[in-house]
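Overview (structure and organization)
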Amino acid sequence: MTARSHVLDGRAEALADGLDRDPRYDADGFLVGESYESYDGDQFDREDRAALRRVAGLSTELEDVTEVEYRQLRLERVVLAGVWGEGTAQEAEHSLRELSALAETAGSTVLAGVLQRRMKPDPGTWMGSGKAAQLRDIVIEEGADTVIADTELTPSQRRGLEDVVKVKVIDRTALILDIFAQHAKSKEGKAQVELAQLQYLLPRLRGWGESMSRQAGGQAAGGQGMGSRGPGETKIELDRRRINTRIAKLRRELKGMKTMRDTKRGSRRAGHVPSVAIAGYTNAGKSSILNRLTGAGVLVQNQLFATLDPTVRRAETTDGRGYTLVDTVGFVRELPHQLVEAFRSTLEEVADADLVLHVVDGSHPDPESQITAVRSVLADVGAHDVKEVIVVNKADVADPEVIDRILRAEKHAIAVSARTGAGFDDLAAVVADELPRPEIRMELLLPYDRGDLLSRIHDDGEVLSSEHTGEGTHVHAKVTPTMQAELADFAV
């Protein structure tokens, strides 16, 4: 069954329900203007994520809450804060706008954003006591309950800023970790995110004095006198012990998962199946490109870090050679190092690839900074030596001058549009040219009852010429080392 017939069968029920009589749909059940070529797979994740709908008229909000504990469920209302000492004001504003998109992805309502020019952050309150007091006034004016800092704060800076603004303060790292925790779906992804969160939390535990004591110190309970009195082990110390125990367990589990991933990767290497990794900034369109090339049906959404779990799909070059296409987790500026370490086994897919399609959002105000941020992370995981092709996506809405600037600056670059399909024929040709080809020449005489071998040569090798003779099929081909050993008995 072809992919198109599969799609049409899936829409048969919709047609039976009368969509064929709806002028918005054509005879095949596609929206007018839509075609199978623009179909990017079944978006089941989108339906799951959007399954919760608000129903009007069901409010049970209490007016008199004097006799009951009452908590109103609502989105957090946040104020963003940034401090910049290097670069330009425009770059700092772009960073704050990105933080706003991250905050909305996490499920909050952004009320205001403030920027401060300061050459060196204050060690106590990050912004300085005067500016922190002004931020407190903005928080009161806007009715906010959270402040998000556009950097990673030290534990003392976060506590100092909280003491001044009197509301919860989180930093950029905690925000990204929260988004990852919401979107991780696989067992490995959830374990990786939990490990990163615990590593971030460990130095930031906050105790509340001797009132949190849980054990007697030494033999004080037995009245042993001097040197044995004291609060004993406090709750914060017990929490540290539990966190360290949990971190050790998660690392053992991830080590076992890495073994399984390496086994799968090793089987692909043994078969000499070329690998192409799709990497890039978050929301640049990596999943859209994967769907365009393979019809994988990966969730596509205009949202930062919409997909986290890597997806591996098989594809074919224009000349029929098979390869694997791997969609990796998106990157962002100042990606928390805890996440890089936790997702190292996933990011190693890029380091082991034969080709990296580095996807860039051509419509972004500063795409060059995205390229720099992604390359810094790839260098951390040892993928800086992998052959790279810059794929400038969203060419249909990007400024042509920006696209031309990137294409001139990068040695291997191509512009595409995942929405319209423009440039994908050229992209497929680039992938076919850049992937390694079989290099071992063989002259074979294959019996007619071994058509499976000829089919495999067509799939994984390169047939230079073939001729049907009385004894069998005479083939000149280029093959991989593994195939050479399997075909040795048929060599001429």
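Since the model is a prediction, treat every value here as computed from it, not as a measurement. (Residues numbered from 1 in each chain as written. Predicted model: local features only at pLDDT ≥ 70, side-chain atom pairs only at ≥ 80, totals over all residues. Heavy atoms only, no water.)

Moving on, we come to the overall build of the chain. In terms of regular secondary structure, the chain is built from 17 helices and 13 strands. Residue burial in the chain is summarised as follows: out of 492 residues, 42% are buried. Look at the contacts in the chain between residues 6 or more apart in sequence, and 67% of them connect residues 24 or more apart. If you sum the accessible surface of the chain, you get close to 26500 Å²; carbon and sulfur atoms cover 50% of it. (Helix = DSSP H or I, 4+ residues; strand = E, 2+ residues; numbered from the N terminus. Buried < 20%, exposed > 50% of the residue type's maximum accessible area, 1.4 Å probe, protein only. Contact = heavy atoms within 4.5 Å. Areas by Shrake-Rupley, 256 points an atom, 1.4 Å probe, with all protein chains shown as cover.)

As a working rule, side chains carrying opposite charge can pair if their charged atoms are close by. This model, assessed by the stated rule, comprises 17 salt bridges. Between Lys 168 and Glu 76 there is a salt bridge; the shortest N-O distance is 2.8 Å. Linking Lys 168 in strand 4 (residues 168–171) with Glu 76 in strand 1 (residues 76–84), this pair joins segments that are 92 residues apart in sequence. For Lys 168, a relative accessible area of 40% gives the class partly exposed. As a salt-bridge pair, Asp 396 and Arg 419 come within 2.9 Å of each other at their nearest N and O atoms. Of this pair, Asp 396 sits in the loop between strand 9 (388–393) and helix 14 (400–409) while Arg 419 sits in the loop between strand 10 (413–415) and helix 15 (424–434), and the two are 23 residues apart along the sequence. One network of salt bridges, in which partners are shared, links Glu 98, Asp 150, Arg 172 and Arg 333. (Salt bridge = Lys/Arg side-chain N within 4 Å of Asp/Glu carboxyl O.)

Every α-helix carries 3.6 residues per turn, so stepping three or four residues along brings you back to the same face. Within the sequence span of helix 16 (residues 451–460), burial applies to Leu 453, Leu 454 and Ile 457. All buried residues of helix 16 project into a common sector of 100 degrees when viewed along the axis, lining one side. Buried residues along helix 16 sit in contact with strand 11 (440–446), strand 12 (462–468), strand 13 (473–479) and helix 17 (481–486). (Arc of directions from axis to C-beta.)

Only a minority of non-glycine residues have a phi that is not negative, and only a minority of peptide bonds are not trans. Here the phi dihedral of Trp 126 falls at roughly 70 degrees; this positive angle occurs in a residue that is not glycine. Residue position: Trp 126 is located in the loop between strand 2 (108–117) and helix 5 (129–142). Here Trp 126 falls in the buried class, since its relative accessible area comes to 3%. With a phi close to 65 degrees, Lys 394 is a non-glycine residue in the positive phi region. Summarising the element assignment, Lys 394 is placed in the loop between strand 9 and helix 14.

Turning our attention to the environment of Thr 372. Along the chain, Thr 372 falls in helix 13 (residues 367–380). Accessibility expressed as a relative area gives 54% for Thr 372, which makes it exposed. Put simply, Thr 372 and Arg 333 are 39 residues apart on the chain and 8.9 Å apart in space, counted from C-alpha to C-alpha.

Turning our attention to the nonpolar core. Counting 72 residues, the largest nonpolar core has Ile 289, Phe 305, Phe 331, Leu 357 and Leu 427 as its most contacted members. Core analysis: the second largest hydrophobic core is formed by 17 residues, Ala 81, Val 114, Trp 126 and Leu 135 among them. (Core = buried A, V, L, I, M, F, W, Y, C linked by side-chain atoms within 4.5 Å.)

Let's shift gears to the sheet that holds strand 13. Ordered in space as 11-13-12, the 3 strands form an open sheet in which the pairing is antiparallel. The open sheet has two edge strands, strand 11 and strand 12, and neither has a second partner. With direction set aside, neighbouring strand axes in the sheet form an average angle of 15 degrees. When strand 12 meets strand 13, the two strands line up antiparallel, connected through 6 bridges. Looking across to strand 13, one finds that Glu 462 is bridged to Lys 478. Strands in contact with helix 16 are strand 11, strand 12 and strand 13; relative to strand 11, the strand with the most contacts, it is inclined by about 155 degrees. (Pairing = 2+ DSSP bridges. Axes fitted to C-alpha atoms, helices over the stretch in contact; angles between N-to-C directions.)

Moving on to the sheet that holds strand 4. The strand order across the open sheet formed by 4 strands is 2-1-3-4, and the pairing between neighbours is parallel. The strands lining the two open edges of the sheet, one partner per strand, are strand 2 and strand 4. On average, adjacent strands in this sheet sit at an angle of 25 degrees to one another, irrespective of strand direction. As paired elements, strand 1 and strand 2 share 9 bridges and run parallel to each other. For Val 83, the partnering residue across the bridge sits in strand 2 and is Gln 116. Packed on one face of the sheet, helix 6 (residues 155–165) meets strand 3 (146–149) and strand 4 and runs near 145 degrees to strand 4.

Another point: the environment of Leu 339. Turning to its location among the elements, Leu 339 is positioned in helix 11 (residues 337–342). Since its relative accessible area comes to 1%, Leu 339 is described here as buried. Note: C-alpha distance between Leu 339 and Gln 192 (147 residues apart in sequence) is 7.6 Å.

On to the packing of helix 4 (residues 89–106) against helix 7 (residues 172–183). Contact geometry for helix 4 and helix 7: axes closest at 9 Å, N-to-C directions at 35 degrees. Considering how the two elements wind past one another, helix 4 and helix 7 form a crossing that is left-handed. For the pair helix 4 and helix 7, the contacting residues are Ser 95, Glu 98, Leu 99, Leu 102, Ala 103, Thr 105 and Ala 106 in the first and Arg 172, Leu 175, Ile 176, Asp 178, Ile 179, Gln 182 and His 183 in the second. Its residues placed into classes, the contact of helix 4 with helix 7 shows 7 nonpolar, 4 polar and 3 charged. (Left-handed = near helix turned anticlockwise from the far one by under 90°. Nonpolar A, V, L, I, M, F, W, Y, C, P; charged D, E, K, R; others polar.)

A low pLDDT score tells you not to read the predicted coordinates there in detail. Looking at the chain, the pLDDT average stands at 77 and 74% of residues meet or exceed 70. The low-confidence segment residues 1–21 (pLDDT under 50) makes 23 contacts with residues lying over four places distant or belonging to another chain. Here residues 49–73 scores under 50 on pLDDT; set against residues more than four positions off or in separate chains, the count is 10 contacts. (pLDDT = per-residue confidence, 0-100.)

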